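Below, each chain spelled out in residue letters.
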Amino acid sequence: MTDSNCENLIQNFLDSVYVLSHSKNSTDVYRTGIKHFTKFVQEQYQKSLKDIISAIKEERMDKYQILKDFVIYLDKAGKKPASIKIWVVGTKGFLKHCGIKIYYEDFKMTVRLPKRVHQREEPLTKEIILRIFNNVPAKLRTIILVATASGMRIGEIIQLKLSDVDFDSKPTKIRIRANITKTRESRETFLTVEATNSLKDYLTRFFEWKEDESNKNLQDLLIFGRTSKSYRKSNNDRKKTPQQNNSSILINSMKRHIENIPELSKLNENGRHMVHFHAFRKYFRTIVGNAVGRDYAEALMGHHFYLDTYYNLPEEKKREMYLQAEPFLTISD
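Residues numbered from 1 in each chain as written. Predicted model: local features only at pLDDT ≥ 70, side-chain atom pairs only at ≥ 80, totals over all residues. Heavy atoms only, no water.

**A short note on the pattern of salt bridges**
So, step 1. Summed over all chains, the structure comprises 17 salt bridges.
So, step 2. Residue K24 pairs with D28 through a salt bridge whose shortest N-O separation is 3.0 Å. With K24 and D28 both in helix α2 (residues 24-45) and 4 residues apart, the pair spans about one turn of that helix.
So, step 3. For K24, a relative accessible area of 49% puts it in the partly exposed group.
So, step 4. For D28, a relative accessible area of 22% gives the class partly exposed.
So, step 5. Across the pair E211 and K200 runs a salt bridge, and its minimum N-O distance is 2.7 Å. Of this pair, E211 sits in the loop between α10 (193-207) and α11 (229-234) while K200 sits in helix α10, and the two are 11 residues apart along the sequence.
So, step 6. Here E211 falls in the partly exposed class, since its relative accessible area comes to 45%.
So, step 7. Here the salt bridges do not stand alone but share partners, grouping K24, D28 and R31 into one network. (Salt bridge = Lys/Arg side-chain N within 4 Å of Asp/Glu carboxyl O. Helix = DSSP H or I, 4+ residues; strand = E, 2+ residues; numbered from the N terminus. Buried < 20%, exposed > 50% of the residue type's maximum accessible area, 1.4 Å probe, protein only.)

Dropping the structure here:
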């Protein structure tokens, strides 16, 4: 096997991963794992990646022992258990892609992965969210309201189009397209009156959206993409805006606006900031779960196990249950 063939194998493997999930994050994480593995075999065995693959295939080296040593190498380097696990999974998948058979029971008996330490996160409260509102611009306020009212992931929010939002429904309904979800399953969720009004104001201010009109020219609009008119004018096809870039811009923007406020910028036990976009999703899960039941909350959030039960509910019942939870989801009483 040549170096070129090895590079092609890596790319083919990453392409196959992308076909399954259509997630750039997944391919990036697996690519990182393979890079760590390549560095590991060079340092540990003074071999290239192609040489180690050949040695394993020719049974000159034990694949399970190599993977065990790889875990130890990453652990000594201070890598987090969650990262070690996903990098080893990616490396194991790549070796299988190269034609190396790895049996689950043998792997489990030999390779011990470090246990993930679960540390407590301080939950968001209505009071904390109100303080965030007072320190961030209008666009971020609207995104936070949409997140806390709908339970959507930030990656789903930044890919919403105007055509996905049904303002005529009571409560406002959001149809989340399968191609923008983590599970590749379409679903529906709702918005509170508060979040609906904030979204309408935002659309009116930045995109000249008009209530009671068709707004046909805006239907393919990525609602939470770039709002600069000069940017939109020079980038007519806004669908090409990279999702990951939009997400990073919003995450960094929120950090920047709250970093000088001690109560909002403090860290949890796990070293992560208390205020982050996934925390709004957790807030939604807690509030809706307490108000109308966990299963309903999990279904709106897009957790696969609960979706079938949700879709068996009559449409009127779905709306009724959300309206029961709405008072508790409303932030600005």
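There's more to say after this.
**As for helix α3 (residues 49-57)**
So, step 1. Residues of α3 that are buried: L49, K50, I52, I53, A55 and I56.
So, step 2. Once α3 ends, the next one or two residues include E59, with phi positive near 60 degrees.

**Observations concerning the confidence of the model for the chain**
So, step 1. Across the chain, the average pLDDT comes to 88, with 91% of residues at 70 or higher.
So, step 2. Low confidence marks residues 230-242, where pLDDT is under 50. Its contacts with residues over four positions away, or in another chain, come to 14 contacts. (pLDDT = per-residue confidence, 0-100. Contact = heavy atoms within 4.5 Å.)

**A short note on the nonpolar core**
So, step 1. Core analysis: the biggest nonpolar cluster contains 64 residues, and L124, L199, L203, F280 and Y296 have the highest contact counts within it.
So, step 2. Tallying contributions element by element places helix α14 (residues 277-292) first for this core, with 8 residues.
So, step 3. Excluding its chain neighbours within four sequence positions, the residues that come into contact with L203 are L162, F167, E208, W209, L221 and I223.
So, step 4. Counting residues in hydrophobic clusters, the runner-up holds 35 residues, among them W87, L95, C98 and V111. (Core = buried A, V, L, I, M, F, W, Y, C linked by side-chain atoms within 4.5 Å.)

**Some details on the sheet that holds strand β3 (residues 187-191)**
So, step 1. Strand order in this open sheet of 3 strands is β1-β2-β3, and the pairing throughout is antiparallel. Each edge of the open sheet carries a strand with a single partner, namely β1 (165-166) and β3.
So, step 2. Across 5 bridges, strand β2 (residues 172-176) lies against β3 in antiparallel orientation. Bridging from a neighbouring strand, I174 pairs with T189 of β3. (Pairing = 2+ DSSP bridges.)

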